[in-house]
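Secondary and tertiary structure notes
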Amino acid sequence: MARGVLVRRGGPAWRLGVELLAVGLPAVFVLLGAPGPYEWSVAAGLVGCALLPLRHVRPWLAVVGSLGAIWGGLGWPAQIVALFVLGRRTRLAATVPWLVAVVSAAVVPVLQREALSWQSVILTIVFAVLSAGSPLGFGLLTATRERLTTSLRELEDAREATVAARESAARAEERARIGREVHDAVGHHATLIAVGAAALSASTEEQRTRDAADVLRTHAKEALAEMRSALGLVGPASAGAAGLGELVDRAREAGLDVAFGALGTARTLPPAPDQAVYRVVQEALTNAARHSPGSTVRVEVDWRASDRIRVEVGNGPARRPVRGTFGTGGAGLAGLAERVRAVGGELTSGPDGDGFRVCAVLPRAPETPPTGLRRVDAAAGQPVAREADTAALPDTVPGS
């Protein structure tokens, strides 16, 4: 921290500091080694230091720029920096010619200037090889470490992806097992209900009893069909916004006082939000029948917005004791909120005066879910469905 400015590693200030150090420090060593064996040794050494920024473009250019300084005896500080970068950015085989060039530039002038014994010649060559090979090898090792680190990171990512895939497969297998068990158990009883209702309808002479038995058999068969659809045992469910009219009619047949209306013109929706609209109304009617028997229920579907659809179901207080239920939505408000959120919609529910209100706003196309279920005070400012608007929806589509 300097004067309130944080210098981040890897930032412009950091890179500038490293560059000044990489160029300035070799230059200092060149000046400390002055005057050198030749009159031009210091100048050649400083030129080699000045050419070091070329290593960012082509490392070999910095090596070439320091060869004259090596010949003049003051080029090792700049050459060490250049060889290190060359090792980081070049494969091992490609560095050998440059190593030979640098060693030759360091040894040949010494042999020309001085009369050395063969032992001194060998020591001079070894010194030059070690001086040039050390930064070159360190650069090669650094590059190898970086590649290994990247490979290990990729391997770890692949391992995590494999573990996640296995866990997902295990969850899918467990869901399939639970689905089969649910189908076997619930399907068996639903079938028995349908068979018993059919037998009751055939054996009774009372018309009201026969009609009730027929309704019971129909609901049992439809419940079994929807369960199979939800478990993936048959094709996708066909119930959607177009089936709301039939759903409301069946709710009325079961004893609910339902006022159904639509605002605007109904449009075709993608399967996911289309089925979500249906389930919202179905679950709200189920809750009204279960918790507020005898109440007046209003169902309103608002198609007027261009990018979303609004569904509202509200009911008044119960007018008679709870004695039975109307069907089942299969998931409750929590499951309903999850379904709405899955298509990018928002579900709100809460008391509405003496009654209850459920409101869902869904996009016309599925998207990433931004919200979930939240309780709100829904007492004020909500439109009431108008019976005259029911013509906006088709009359009959498969219901539930």
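Please read all numbers here as calculations on a predicted model, not as lab measurements.

Parameters and conventions
- Residues numbered from 1 in each chain as written.
- Predicted model: local features only at pLDDT ≥ 70, side-chain atom pairs only at ≥ 80, totals over all residues.
- Heavy atoms only, no water.
- Helix = DSSP H or I, 4+ residues; strand = E, 2+ residues; numbered from the N terminus.
- Buried < 20%, exposed > 50% of the residue type's maximum accessible area, 1.4 Å probe, protein only.
- Contact = heavy atoms within 4.5 Å.
- Areas by Shrake-Rupley, 256 points an atom, 1.4 Å probe, with all protein chains shown as cover.
- Salt bridge = Lys/Arg side-chain N within 4 Å of Asp/Glu carboxyl O.
- Axes fitted to C-alpha atoms, helices over the stretch in contact; angles between N-to-C directions.
- Parallel < 35°, antiparallel > 145°, perpendicular 65-115°, else oblique.
- Nonpolar A, V, L, I, M, F, W, Y, C, P; charged D, E, K, R; others polar.

Looking at the overall build of the protein
Across its full length, the protein holds 10 helices and six strands. Of all 400 residues assigned to the protein, the portion counted as buried reaches 37%. Long-range pairs, those at least 24 residues apart, make up 73% of the contacts in the protein between residues at least 6 apart in sequence. Of the accessible surface of the protein, which amounts to about 22,600 Å², a share of 61% is contributed by carbon and sulfur atoms.

Observations concerning the pattern of salt bridges
Evaluation of the coordinates by the stated rule reveals 12 salt bridges. Note that Glu246 and Arg250 form a salt bridge whose closest N and O atoms lie 2.6 Å from each other. Of this pair, Glu246 and Arg250 both sit in helix α8 (residues 244–253), separated by four residues, roughly a single helical turn. Accessibility assignment for this pair places Glu246 and Arg250 in one class, buried. Asp302 is the partner of Arg304 in a salt bridge, and the nearest nitrogen-oxygen pair spans 3.0 Å.

Let's talk about the packing of helix α3 (residues 59–71) against helix α5 (residues 92–113)
For any two helices packed against each other, the geometry is given by the interaxial angle and the distance between the axes. In contact at an axis separation of 9 Å, α3 and α5 are set at 10 degrees when each is read in the N-to-C sense. In this view, α3 runs roughly parallel relative to α5, as classed from their interaxial angle. On α5, the residues that touch Trp60, Val63, Val64, Leu67, Ile70 and Trp71 of α3 are Trp98, Ala101, Val102, Ala105, Ala106, Val108, Pro109, Gln112 and Arg113. Looking at the contact of α3 with α5 residue by residue, the classes come out as 13 nonpolar, one polar and one charged.

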